[in-house]
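Read off the chains here:
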Amino acid sequence: AGQLSCQPPTDPLGLSTVFTSMTEANMCKHHQPPMMDADFVQQCEAFCAIDGKQLGLPLVMGTTTFGFGFTDMRDLCVGGTRDSDVMRFNDSDIGYCRSRSGALTSIETEAAAFVGAVEVFKAEQVALRAKMQARVNELQTELRSPEFQGEMDRAVDKMSVLRAKFQVFREQSAGGGQSATDFKDAIDQVKDSGESLKRVMDASLLQFSQFLTNCNEMFLGVGSQSEFLLDICSQANVACVDADQAEHVGCCCAVNPVTAGRGFQIAGAGGLAGLNLTSRVARRAAGAASVNVCAQARLDSASKVADAEQRVRSLGQEAMLQEQQQALAAAYSEYAAACGADRRLQQASGVETSRRTSGEAGRGANPSRGVRANEAEARRAAGCEPTADAETGLKVAITQRSQEAMCKHGIPLTDDEMFGECSKFCAPTGVPLLMGTTTYGFNLEEASSVCLPANNSDGVLEYNETHIATCEAHGRAFNDVEAKTAGLIEKLDTFIAAKLYYTAEMTKAVQDLQTFVRSESFNVEMDKSVDKMALFREAIKSRMVDALERSAGKQRLVSSMDALRNASEALKTSLEANLDKMRAFVEDCNDLYLATGPQKEFLLDICAQGNEACFENEASRRVSCCCALNPVANFGGGRRHRVDGISFFDLATMAAGRRAQETPAATEEEGVLDLCAEAWTRARPSVLATYTSIAGLGHEDKVEAHVGDMAQVYGSAYCDYRGREAVSSVVSGGVVPGLAAVIAAVALGVLL
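Student: An account of the overall build of the protein is needed here, citing residue identities and associated values.
Tutor: Secondary structure summary: the protein contains 25 helices and 12 strands in total. A total of 752 residues make up the protein; the buried ones form 57% of that total. Split by element, the accessible area of the protein, about 29,800 Å² in all, is 49% carbon and sulfur.

In structure tokens:
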């Protein structure tokens, strides 16, 4: 025994061999203590690690009973064109795959930016609606003030005075203040990020598809200094590894670029430093971390979303945030439970306050409240027939109270109650414009001059059915891009889970192979064999490479690759078809327009104020209401440009007769859409099933390592499919609950 005096052999392909201090110090058996099979595996795993994780296949060539020379080991590792090859090395093919391995990361990064922009945009939507609601409240206070009442008393043309107030309200609601500025900035960011995402999809999708198609195979893993082979120690004699009589224990690495991640470069000599082994090759720099689209989007958007929400609270409209949280929690109950610390879903289960409080207070109640049966003298002598606009077909709705008594008769309606009726008519998201109080009212022509003017330039609101239909179509285009983005995120996460599963299968295959080659039966065969490398190669090929090729994990990986490719193509197609529509939507539809109910009701006749004359009578003085909507500030989940109208009014009447049982705007929506909650909900069954398969292989550590990586980069912004507690346990250094226990708890509906 003694120190070996050898030099690392050269290779015609420019690949290098690594010697460690243990390689040159002595033979395997003569180290103190002697090197055993477990030591070989440990060094090989460190050599083959990628970004500190076991993402490749560490192949230990040799045991305590046999070894190989450089030529045999190189032949096994570098490969060629034989069917029996375990892996292959082709510098141009590796360069091809490496150049395309970052395509998915580019798509993920831009998708995160787009999702973050949408998050901010939706927060600014709420802030803008809060501002409009605050302005409505201010307007009502101003209209009831003694100063304005005095102005109205003195005015000859009272509607001109009121219309001027409404026009100022419209200008201030849409064009001024911090909320409007931030809303416009958010719109611009959505447009810019959508266009950027499309550019990246155009540039990267083909590369990503080529990467999936052509790089899903085993290549030789190479380090930063072109090291491909680790000479661990001499097993049978002191001959150098490149000598004819050499029998050394060596290691090389098989790498699948699709599962190994961006760059797929092994640690090589640098990975041995952690074992206190010196080597002749310098350590390389660590690779970039993977991108989690939703977690990155949360981090990117957090400050702007928080600012928008604070503005909502400062306007006294926190109920809007609570209603949003309620809707999300109802639509995505599993996500709310598992990821309950999300800023938009927390405490939603206990929220009962609605943004429509003033309007909803009357739902289910009789609008003719205060009209007593024995007060016949207070009832109108003759009923009025509801009317419809001849040009547009829009209808006037008459409440039961309006049919039965004047505002002041019976138990008089107060200004607050009149506004409550108007708010109910304009729910869920319309801006109520109440025309009249306990002291004045207007006829139909005057009210229409605000809501449905013959000359739009003279009115407060504009009604353009074609334009509104176009805005609705453009809003659906926006929804389609959102849905396709959610589909991409879903398939990304199932793809990542499938990679973890296949990596777990590879690890188990290596462990099974190592157990087999150390078995007595195999060592007997090796003793008898003349061509020991051929026998060793066949064992690797049949028990590891071929087994992995047929494995459930490989099939799941291929299936998830196809699904991810299809989802990427679908998003690219949606962006191509809808980006111009999205741009037109946010640019051309950001204004207040007249909103109608499900039966085209546009104006509510609440009650007679000054006399009994019917609404269409020029002499009438009636309290009425119409509604304004901003399509951009209110779109989402397929919502039409509608208000509830008389859907929740008992016995209300329109030109076509009494109220039909139509679906109100509040419930006609296709549903709330949250990109990340939607993707998480759709992906969860598949991801949890994959986690279960990984646990069945005895390698749930692969999942824990992945969660740990995400937690380190994103902290609580990342929500694992087992719940946020799994992430918290990693962050706090605790033990993450076992997969089987967590999945069983989820199945039982236990909040993690």
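Having seen the structure, we can now continue with the description.
Student: Go over the confidence of the model for the protein with me, naming the residues and quoting the values.
Tutor: For the protein, per-residue confidence averages 82 on the pLDDT scale, and residues scoring 70 or more make up 82% of the total. Low pLDDT, under 50, characterises residues 664–669; the stretch is placed with 19 contacts to residues that sit more than four places away or in other chains. Contacts from residues 734–752, a stretch scored under 50 in pLDDT, to residues over four places away or in other chains number 35 contacts.

Student: Tell me what's going on with the environment of R129, and back it up with residues and numbers.
Tutor: As for its placement among the helices and strands, R129 is situated in helix α5 (residues 103–144). A sequence separation of 301 residues divides R129 from G430, and the C-alpha atoms of the two residues are 9.3 Å apart.

Student: Before we move on, can you summarise the state of the cysteines with the specific residues and values?
Tutor: On inspection of all chains with the given rule, the structure shows 14 disulfides. The partner cysteine of C294 in its disulfide is C676, sulfur to sulfur 2.0 Å. Taking the sign of the torsion about the S-S bond as the criterion, the disulfide between C294 and C676, at about -100 degrees, is left-handed. Pair noted here: C294 is in helix α10 (residues 293–314) and C676 is in helix α22 (residues 675–696), with a separation of 382 residues, a long-range link. Classification of C294 as buried rests on a relative accessible area of 9%.

Student: Go over the packing of helix α17 (residues 465–517) against helix α20 (residues 552–588), please, and point to the residues and values.
Tutor: Closest axis-to-axis distance for the α17/α20 pair is 7 Å, and the angle between their directions is 160 degrees. The angle between α17 and α20 places the two elements in the roughly antiparallel class. Here α17 runs over α20; the crossing is left-handed. When grouped by side-chain class, the residues that make up the contact of α17 with α20 number 23 nonpolar, 11 polar and nine charged.

Student: Any details on helix α15 (residues 415–426)? Residues and values, ideally.
Tutor: Taking 1.5 Å of rise per residue, 12 residues should cover 16 Å, and α15 covers 17 Å from first to last C-alpha, within 8% of that figure. The element α15 is extensively covered by neighbouring structure, given that 10 of its 12 residues are classed as buried. For α15, the complete set of buried residues consists of D415, M418, F419, G420, E421, C422, S423, K424, F425 and C426.

Student: Summarise unusual backbone geometry; cite the residues concerned and give the values.
Tutor: For the bond running from Q32 to P33, omega is -5 degrees, close enough to zero to count as cis. Considering the arrangement of structural elements, one finds P33 in the loop between α1 (21–25) and α2 (37–48). For the peptide bond that leads from A427 to P428, omega is 5 degrees, which places it in the cis range. Mapped onto the fold, P428 is located in the loop between α15 and β7 (431–435). Positive phi values are uncommon outside glycine, yet D51 reaches one of about 55 degrees. Positionally, D51 belongs in the loop between α2 and β2 (57–61). Even without glycine at this site, S226 takes up a positive phi of about 65 degrees. Mapping S226 onto the fold places it in the loop between β3 (219–220) and β4 (227–234).

Student: Before we move on, can you summarise the environment of R476 with the specific residues and values?
Tutor: As for its position among the elements, R476 is in helix α17. R476 sits 102 residues away from N578 along the chain, and the two C-alpha atoms are 9.2 Å apart.

Student: Tell me about the pattern of salt bridges, and name the residues and values.
Tutor: Inspection of every chain in the model, using the stated rule, returns 36 salt bridges. With a shortest N-O distance of 3.9 Å, E421 and K424 are connected by a salt bridge. In this pair, E421 and K424 both sit in helix α15, three residues apart, roughly one turn of the helix. Using a relative accessible area of 12% as the deciding quantity, one classes E421 as buried. Under the relative-accessibility criterion, K424 is labelled buried at 1%. Each of E124, D182, D307 and R311 takes part in a single network of salt bridges with overlapping partners.

Student: With reference to specific residues and values, describe α2.
Tutor: A rise of 1.5 Å per residue sets the reference length of α2, with its 12 residues, at 16 Å; its end C-alpha atoms lie 16 Å apart and thus fit the reference within 8%. Turning to α2, its buried residues are D37, F40, V41, Q43, C44, A46, F47 and C48. Where α2 is buried, its residues meet β1 (16–19), α1, β2, β4, β5 (248–255) and α17.

Student: Pulling in residues and values, what's your account of the packing of aromatic side chains?
Tutor: This model, assessed by the stated rule, comprises 11 aromatic pairs. Taking the centre distance of 6.1 Å and the plane angle of 70 degrees together, the rings of F66 and F536 count as edge-to-face. Within this pair, whereas F66 is found in the loop between β2 and α3 (70–78), its partner F536 is found in helix α19 (residues 532–549), the two being separated by 470 residues in sequence. Judged on exposure class, the residue F66 and its partner F536 are both buried. Each ring, one from F516 and one from F522, has its centre 5.0 Å from the other, and the planes form 50 degrees; the classification is tilted. Taking NZ or CZ as reference, R98 lies 4.8 Å from the ring centre of F264, over its face. Seen from the ring of F649, K424 lies directly overhead, with NZ or CZ sitting 4.2 Å from the centre.

The rules behind these values
- Residues numbered from 1 in each chain as written.
- Predicted model: local features only at pLDDT ≥ 70, side-chain atom pairs only at ≥ 80, totals over all residues.
- Heavy atoms only, no water.
- Helix = DSSP H or I, 4+ residues; strand = E, 2+ residues; numbered from the N terminus.
- Buried < 20%, exposed > 50% of the residue type's maximum accessible area, 1.4 Å probe, protein only.
- Areas by Shrake-Rupley, 256 points an atom, 1.4 Å probe, with all protein chains shown as cover.
- pLDDT = per-residue confidence, 0-100.
- Contact = heavy atoms within 4.5 Å.
- Disulfide = S-S within 2.5 Å.
- Axes fitted to C-alpha atoms, helices over the stretch in contact; angles between N-to-C directions.
- Parallel < 35°, antiparallel > 145°, perpendicular 65-115°, else oblique.
- Left-handed = near helix turned anticlockwise from the far one by under 90°.
- Nonpolar A, V, L, I, M, F, W, Y, C, P; charged D, E, K, R; others polar.
- Expected span 1.5 Å × (residues − 1).
- Salt bridge = Lys/Arg side-chain N within 4 Å of Asp/Glu carboxyl O.
- Phe/Tyr/Trp six-rings, centres within 6.5 Å; stacked < 30°, edge-to-face > 60°.
- Lys NZ or Arg CZ within 6 Å of the ring centre and 35° of its normal.

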